[in-house]
Amino acid sequence: MRAWISQAGGSSRRRRTSVGGIALAGEGVAPHTKRSPALLLTLSTPMNAASPPPLRSIRDLIRWGASWFNRVGLSFGHGTDNALDEAYHLVLWQLKLPFDLPAAYLDSAVTDDERTAIFELLRRRVETRQPAAYLTGEAWFAGLPFHIDRRALVPRSPLAEALHHRLQPPLTVVPRRILDLCSGCGCIGIAAAYAFEGAEVWLADVDPGAAELARRNVERHRLAERLQVVVGDLYAPLGRHRFDLILANPPYVPTAEWTELAPEYRHEPRLGLDGGDDGLALVARILDGAPAQLDEGGWLICEVGGSQPLFSARWPDIPVEWLSFEHGGDGVFAIERESLAAWIEAGAPLRSDLDGAMLGMSHDIVSGSPRVAARPSR
Ligand SMILES: C[S@@+](CC[C@H](N)C(=O)[O-])C[C@H]1O[C@@H](n2cnc3c(N)ncnc32)[C@H](O)[C@@H]1O
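All chains use their own residue numbering, which begins from 1 and follows the written sequence. Given that this is a predicted model, residues contribute local features only at a pLDDT of at least 70 and side-chain atom pairs are listed and counted only at 80 or more, while totals for whole chains, interfaces and linings are drawn from all residues.

Peer 1: Help me understand the pairing of strand β4 (residues 144-147) in this model?
Peer 2: Both faces of the sheet carry side chains from a regular strand, because those side chains alternate between them. Relative to β4, strand β3 (residues 138-141) runs antiparallel, the two sharing four bridges. Within β4, the residue paired with phenylalanine 141 across the bridge is leucine 144. A pair of strands is labelled paired if DSSP reports no fewer than 2 bridges between them. Counting from the N terminus, the helices are the DSSP runs of H or I reaching at least four residues and the strands are the DSSP runs of E reaching at least two.

Peer 1: Could you clarify how one ought to interpret the site of the ligand in this entry?
Peer 2: In this text, near has one meaning. A residue is near a molecule or strand if its C-beta atom, placed using the backbone, is within 6 Å of it. Around the ligand, the structure places 22 residues, and the nearest of them are Cys182, Gly184, Val206, Asn249 and Gly272. Each residue gets one of three labels, nonpolar for Ala, Val, Leu, Ile, Met, Phe, Trp, Tyr, Cys and Pro, charged for Asp, Glu, Lys and Arg, and polar for the others, Gly among them. Taken together, the residues of the shell around the ligand break down into 13 nonpolar, six polar and three charged.

Peer 1: Can you walk me through unusual backbone geometry in this structure?
Peer 2: Most peptide bonds adopt trans geometry, and most residues besides glycine take a negative phi value. Cis rather than trans, the peptide bond between glutamine 168 and proline 169 has omega equal to -15°. With omega at 15°, the peptide bond leading from proline 169 into proline 170 counts as cis. One non-glycine residue, leucine 167, adopts positive backbone phi at about 60°. Inspection of the secondary structure assignment puts leucine 167 in the loop between α7 (159-164) and β5 (177-181). Counting other C-beta atoms within 10 Å of each residue's C-beta, where C-beta atoms are placed from the backbone, gives the exposure class: buried for 20 or more, exposed for 12 or fewer, partly exposed between. Given 23 C-beta atoms within a 10 Å radius, leucine 167 is considered buried.

Peer 1: Teacher, can you tell me more about the sheet that holds strand β11 (residues 332-336) here?
Peer 2: By definition, the strands of a sheet pair up through backbone hydrogen bonds, in either a parallel or an antiparallel sense. On the basis of which strands lie adjacent, the open sheet formed by seven strands has the order β7-β6-β5-β8-β9-β11-β10 and mixed pairing. Unpaired on one side and paired on the other, β7 (227-231) and β10 (321-322) mark the two borders of the sheet. Here, residue contact means that the backbone-derived C-beta atoms of the two residues sit within 7 Å. The axes used here are C-alpha line fits, helices contributing only the stretch in contact, and every angle between their N-to-C directions lies in the interval 0 to 180 degrees. Running over the sheet, helix α8 (residues 187-195) touches β5, β6 (200-205), β7 and β8 (243-248) and is turned about 160° from β5. Lying over the sheet, helix α14 (residues 337-345) contacts β9 (294-303) and β11, oriented at roughly 85° with respect to β11.

Next up, the structure:
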């Protein structure tokens, strides 16, 4: 079975039980997978009700937490791809220590209070199955910290690596006006603002809650002077503004696959994951609208993750190039405005999605009050 969500960090090449660092229910890691009653009993009784273990060192607590995570079968893929890294991250976060802590400190003893607090955090991870980032309220993307909560997906796009290389290739010129479409917590647009100093960046998302979170992150990074967050259905809130780069990480998980994702993913907004029957409903609309929103010579760079084979099967002649990543992840394509416009002009089969598209709800940028967006053109 395929998994559909990309994950930076190379996990897709390392783990057999998942693609893109995401374990699906049915692959032996989610609680509702088919397990024998005896195994279920083993998983649910011994450690879930435990009190803090009689351990003292940071190292021992990390090891103990990782064993707990493995024993109960947690799923990873929201910043880490294994139990040890997940436990390391949570323990150090709770102790307010840097993640690059020199190894010698791992043998330091913790106080009783610290041990209890660590235990409570690990227990919440096990019992609620929330991604670690929702428990700590913090996520890292492209080496940058972000506020995160359940209004937005936990950042994990391989676009982080591409931005580290300033999107070269495919870009040959420095973009000055950038749109982060489907911006969630704002991680891609904010990382782009760091990569391209001086660029004006717009972040757009249909969900007012996600947009609010993105605004907090823009403030956190003191980028309000050149970043703005707008709310609405795809291109609707952008008016006549044109960009020379559109970066998009839209929802692209086919609905049937979404229903089978491990519990951690069900804490994330469905709007951020579920891409309709074949996962490509929004992607079709993004393709269709991009030429009108791009300046001459501009680029659309869009992630479709594990839906890449469906994308290629559905639009075999679309002249996109697929980005490659050293550190894992795939399914990100790039296409220049003129090539896309020519392909659409030649009769690109995008219509079925456009005809089926619901009227989007857009939100007034200033007041935040909802209004009905125009149906996408064409
Ligand atoms: C996969 S998440 C990506 C979030 C962020 N860019 C990231 O990489 O972590 C997709 C985002 O698309 C937004 N979205 C879904 N449908 C949309 C639409 N019609 N117009 C604009 N944004 C949409 C969701 O609210 C969600 O925040």
